[in-house]
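# Summary of the model geometry
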Amino acid sequence: MIDVHFDAGRVPDYSGKHVQQLYLLRYAYAYAFEYKSIYRKLWSRMQHNNSIKVTSIGCGALIDYWSLAHVVNDDCEITYCGIDAVDWSYKFPRRKKDNVTYAIGNAIELLGRSPCFSSDVYVFPKSISEFSVLDVQKLSTYFSADSLTKDTVHFVITLRADADNKADDMKKASILYQRMIDCGFHSEDENNVCYRFSDENRGKKIQQVDNDFSHPWAVVNYLNDLYGKCSNRSTCGKSNSCEKRLGRMPILNCQYTIGQIFTFYRGKAL
Ligand SMILES: C[S@@+](CC[C@H](N)C(=O)[O-])C[C@H]1O[C@@H](n2cnc3c(N)ncnc32)[C@H](O)[C@@H]1O
């Protein structure tokens, strides 16, 4: 029997197809919106580019690739290198003009084998929480003035919204930030500042602010009553905790959209 937790501190077994289905039905809509709004902010810093190269660490079903493709100019070609420990059964399709690769394995090991880092953007789409502080420290050592080939490098980290988890995620993000400063880059961003989409759209539903999103109500209602559909619920000993975990609504509003963007420039600030 599948046991599924998406609660803070519990990492679900994403290799299960049904876990992926529930995750995507519950979160794909909100996360796609979140990545779209944070990539839009990033893109405004990178205007007039006709290409962008992104390494997505913990990319899952490529939701953030979909979002990026909906933000960049039509003539912009995306090179997207996704890395995930799990080969997700569901992946967003790529546009013809883009070069999309998906490396399966532990990102810390795979990136450790890379002689250089040529991406413009390194993104953790809702994934930094699943890396330990030691993992992030190790990863940070791979970045150096020699291994990074670009003079401008962006880091995008989307965060969990509640205060304790956000603080944990930001602590890890600051390890990467400090490493970039230590290895000879500078930034106008501060590592304790994060971007909140809801500051501009307090209380609004995602579909009110972005026409790309219209969550089908049949899906919302189905998810809402998932526990009621379980045929084992009268006999299964875990049914109490299942009721709480399976009765969750998908995220439909903007208030959880929160992340950090750090842009680094090679050399010391003038
Ligand atoms: C919360 S999910 C986010 C997935 C996706 N980015 C999204 O937006 O839905 C975290 C992802 O990080 C991946 N992950 C966790 N630890 C990893 C590691 N050490 N190396 C590679 N991927 C990892 C998991 O397999 C999972 O797909």
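Residues numbered from 1 in each chain as written. Predicted model: local features only at pLDDT ≥ 70, side-chain atom pairs only at ≥ 80, totals over all residues.

## With respect to the overall build of the protein chain
The condition is simple: Strands are runs of DSSP state E lasting at least two residues, helices are runs of H or I lasting at least four, and both sets are numbered from the N terminus onward. Every radius of gyration here is taken over C-alpha atoms, with the globule rule written as 2.2 Å times N^0.38, N being the number of residues. Counts of 20 or more other C-beta atoms within 10 Å of a residue's own C-beta define buried residues, counts of 12 or fewer define exposed ones, and intermediate counts define partly exposed ones; C-beta atoms are placed from the backbone. Residue pairs qualify as contacts under a 7 Å threshold applied to their C-beta atoms, which are placed from the backbone.
Helix and strand content of the protein chain: eight helices and eight strands. Computed over the C-alpha atoms, the radius of gyration of the protein chain is 19 Å, within 12% of the 18 Å expected from 2.2 N^0.38 for a compact globule of 270 residues. Reported as C-alpha extents along the three principal axes, the dimensions of the protein chain are approximately 65 × 40 × 35 Å. When burial is assessed residue by residue, the protein chain has 31% of its 270 residues classed as buried. In the protein chain, the proportion of contacts linking residues at least 24 apart, taken out of those at least 6 apart, comes to 79%.

## Topic: the packing of helix α4 (residues 133-142) against helix α5 (residues 163-182)
Here is the rule: Whenever a helix is involved, its axis is fitted only over the stretch in contact; in every case the axis is a line through C-alpha atoms, and angles between N-to-C directions fall within 0 to 180 degrees. Here the angle decides the label: under 35 degrees means roughly parallel, over 145 means roughly antiparallel, 65 to 115 means roughly perpendicular, and every other value means oblique. Crossing chirality is assigned from the near helix's rotation relative to the far helix, an anticlockwise turn below a right angle marking it left-handed and a clockwise turn marking it right-handed. Think of it as three bins: nonpolar holds Ala, Val, Leu, Ile, Met, Phe, Trp, Tyr, Cys and Pro, charged holds Asp, Glu, Lys and Arg, and polar takes everything else, Gly as well.
It is the contact of α4 with α5, at a shortest axis distance of 9 Å, that shows an interaxial angle of 20 degrees. Viewed along their axes, α4 and α5 adopt a mutual orientation that is roughly parallel. Where α4 crosses over α5, the handedness of that crossing is right-handed. Facing α4, whose interface residues are Val133, Val136, Gln137 and Ser140, α5 presents Lys172, Ile175, Leu176 and Arg179. The residue inventory of the contact of α4 with α5, partitioned by class, reads four nonpolar, two polar and two charged.

## Some details on the site of the ligand
Cut-off, in case you're wondering: By definition, a residue lies near a molecule or strand when the C-beta atom built from its backbone is within 6 Å of it.
By nearness alone, 20 residues border the ligand, and Gly58, Gly60, Ala107, Pro125 and Glu130 come closest of all. If you list the elements that add at least two residues to the shell around the ligand, you get α2 (63-69), β2 (77-84) and α3 (107-112). Residues of the shell around the ligand, tallied by class, amount to twelve nonpolar, four polar and four charged.

## Comments concerning the nonpolar core
Stated formally: A set of buried Ala, Val, Leu, Ile, Met, Phe, Trp, Tyr and Cys residues, joined through C-beta atoms within 7 Å, is what we mean by a nonpolar core.
Residues Ala32, Ile63 and Val156 are the most contacted members of the largest nonpolar core, which totals 58 residues. Top contributing element to this core by residue count: helix α1 (residues 17-45), with ten residues. Leave out the neighbours within four places in its chain, and Ile63 touches Ala28, Tyr31, Ala32, Tyr35, Phe92 and Pro125.

## Brief notes about the domain arrangement of the protein chain
The condition that has to hold: Domain boundaries shown here were taken from an automatic or database domain assignment.
Here the domain parsing of the protein chain yields domain 1 (17-201 + 253-266) and domain 2 (216-246). Using only C-alpha atoms to locate each centre, domain 1 and domain 2 end up separated by 32 Å.

## Observations regarding unusual backbone geometry
The backbone phi angle of Leu62 is positive, close to 70 degrees, even though this residue is not glycine. Looking at the secondary structure, you find Leu62 in the loop between β1 (51-57) and α2. Here Leu62 falls in the buried class, since 23 other C-beta atoms lie within 10 Å of it. Although it is not a glycine, Lys126 adopts a positive phi angle of roughly 55 degrees. For Lys126, the location among the structural elements is in the loop between β4 (121-124) and α4. On the basis of neighbour counts, which here come to 21 C-beta atoms within 10 Å, the residue Lys126 falls in the buried class.

## Some words on the pairing of β4
Where we set the bar: One requirement defines pairing of two strands: DSSP has to find at least two bridges between them. A crossover counts as right-handed when, viewed with the strands pointing away from the observer, the path leading from the first strand over the helix to the second turns clockwise.
What you see with β4 is no split at all: Val121 and Val123 on one side and Tyr122 and Phe124 on the other are buried throughout. One ladder, built from three bridges, connects β1 with β4; its direction is parallel. Note on β4: the bridge partner recorded for Thr55 is Tyr122. Sheet topology places β4 next to strand β5 (residues 152-158); four bridges connect them, and they run parallel. Directly across from Tyr122, in β5, lies its bridge partner Phe155. Each parallel crossover has a hand, and the one from β4 via α4 to β5 is right-handed.

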